[in-house]
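Next come the chains, spelled out residue by residue.
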Amino acid sequence: MANFFHHGRALCLAAAMLGMTAGAQAADSSVRVGSKIDTEGSLLGNIIVQVLDSHGVKTVNKSQLGTTQVLRGAITSGEIDIYPEYTGNGAFFFSDEKDPAWKDVNAGYQKVKKLDYDKNHIVWLDPAPANNTWTIAVRQDLAKGQHLTSLADLSRYLKSGGKFKLAASAEFIERPDALPAFEKTYDFKLQQDQLLSLAGGDTAVTLKAAAEQTSGVNAAMAYGTDGPVAALGLQTLTDPSGVQPIYAPAPIIRESVLKQHPEIAQWLKPVFASLDTQTLQKLNASIAVEGQNAKKVAADYLKQKGFVKS
């Protein structure tokens, strides 16, 4: 019996020593944090870096690495370990645009979480309660004067012969799941002279056109969490029929890295939970409108909320 006990203890000791060496290796290996090239990507990427840093995890900051495709390639090939993604993009990653799950915040999250884990061993952590989806923003004076808060209100206004001109990218105007989907669901049709097509997909340009009333423009293609919207005197219209997928931002991480640092999920959970649509609009505006540095905006926010010690 004594012999058996001794053997068991040796096993425990060996396991403990193995654990220690694994820990030493983990402490040594940096976590590579990526993000997309846009304003919000830069903000969220820096938030992740700073939260990890504050807990003593070494990081490599690869924020603003590129487009969605670039980030996707980088995480699936193991070049980066974690980055902020959007739940609705699961529809495109897995060629599954028809599933209504993407239009429901929880169903879309659960679906992409399962698909990405099963196929790529990528873990989706808890999302923010925000929706960075395609929408239409109108000038606040028009919104107030005509009581426009939703796309259904916009349809009513257009049918009464209201003056309207939209600045948008060619992609937004032509892509079946963008403007044509809004027109079909809310029963309106914009004529050629009611559209100003701008090159590229940058909402900063379309929003500026509406703010400055370029060529008579009083509305713009926008994203739900765009910072310049309120700052430029515009208001985004809600999509009560849920035409667009919900794009909730969530950190996604390679499983092998999460196993080395399981606490990352708990550290990021309250931070992302605090990032609702209005908060993201405000933080994005500090960068896009006021020209502040994304690192500084992230640091100020995390300190102010008490997520990192100053």
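Relevant structure appears above.
These lines cover the structure that appears in this document, whether it is placed above or below. Please read these numbers as outputs of a predicted model, since none were measured by experiment.

1. So, the nonpolar core
Among soluble globular proteins, nonpolar side chains are generally buried collectively.
Step number 1: The biggest cluster of nonpolar side chains holds 35 residues, and the ones touching the most others in it are Ile47, Ile82, Ile253, Ile264, Leu268 and Leu275.
Step number 2: The set of elements that each furnish at least two residues to this core consists of strand S1 (31-36), helix H2 (39-54), strand S3 (82-86), helix H12 (255-260), helix H13 (264-273), helix H14 (277-288) and helix H15 (294-304).
Step number 3: If one sorts the elements of this core by residue count, H2 sits on top with 7 residues.
Step number 4: Beyond its immediate sequence surroundings of up to four residues, Ile264 is in contact with Leu52, Ile82, Leu125, Ile253 and Leu258.
Step number 5: Core analysis: the next-biggest nonpolar cluster, separate from the first, contains 27 residues, Ala143, Leu148, Leu158 and Phe172 among them.

2. Digging into unusual backbone geometry
Step number 1: Positioned with a positive phi, Gln64 is a non-glycine residue whose angle comes to about 55°.
Step number 2: Within the secondary structure, Gln64 sits in strand S2 (residues 59-66).
Step number 3: By relative accessible area, Gln64 is classed as partly exposed at 40%.

3. Some details on the packing of aromatic side chains
Step number 1: According to the stated counting rule, one finds 2 aromatic pairs in the structure shown.
Step number 2: Ring centres of Trp134 and Phe172 lie 5.5 Å apart, and the angle between their planes is 75°; this geometry places the pair in the edge-to-face category. Pair noted here: Trp134 is in strand S5 (residues 134-139) and Phe172 is in helix H8 (residues 170-174), with a separation of 38 residues, a long-range link.
Step number 3: Using a relative accessible area of 0% as the deciding quantity, one classes Phe172 as buried.
Step number 4: Taken together, a centroid distance of 6.3 Å and an interplanar angle of 55° make the contact between Phe172 and Phe182 tilted. One end of the pair, Phe172, is in helix H8; the other, Phe182, is in helix H9 (residues 179-186), with 10 residues separating them in the sequence. Accessibility classification places Phe172 together with Phe182 in one group, the buried group.
Step number 5: One aromatic cluster in this structure is built from Trp134, Phe172 and Phe182.
Step number 6: The aromatic ring of Phe93 is capped on one face by Arg72, whose charged end is 4.0 Å from the ring centroid.

4. Examining H9
An α-helix turns once every 3.6 residues. As a result, residues three or four positions apart point the same way.
Step number 1: What H9 keeps buried is the set Leu179, Ala181, Phe182, Glu183 and Tyr186.
Step number 2: Buried residues along H9 sit in contact with S5, helix H7 (151-159), strand S6 (166-169), H8 and strand S7 (195-198).
Step number 3: Asp187, located one to two residues past H9, shows a positive phi value of around 60°.

5. Some points on the pattern of salt bridges
Step number 1: A complete count under the given rule lists 17 salt bridges for this structure.
Step number 2: Salt-bridge contacts for Lys208 lead to Glu212; the nearest nitrogen and oxygen are separated by 3.9 Å.
Step number 3: Look at Glu212 and you get exposed, because its relative accessible area is 52%.
Step number 4: Salt bridges sharing common partners tie together Arg32, Asp81 and Arg254.

Conventions and cut-offs
- Residues numbered from 1 in each chain as written.
- Predicted model: local features only at pLDDT ≥ 70, side-chain atom pairs only at ≥ 80, totals over all residues.
- Heavy atoms only, no water.
- Core = buried A, V, L, I, M, F, W, Y, C linked by side-chain atoms within 4.5 Å.
- Buried < 20%, exposed > 50% of the residue type's maximum accessible area, 1.4 Å probe, protein only.
- Helix = DSSP H or I, 4+ residues; strand = E, 2+ residues; numbered from the N terminus.
- Contact = heavy atoms within 4.5 Å.
- Phe/Tyr/Trp six-rings, centres within 6.5 Å; stacked < 30°, edge-to-face > 60°.
- Lys NZ or Arg CZ within 6 Å of the ring centre and 35° of its normal.
- Salt bridge = Lys/Arg side-chain N within 4 Å of Asp/Glu carboxyl O.

Function cannot be inferred from these measures alone, as they are strictly geometric.
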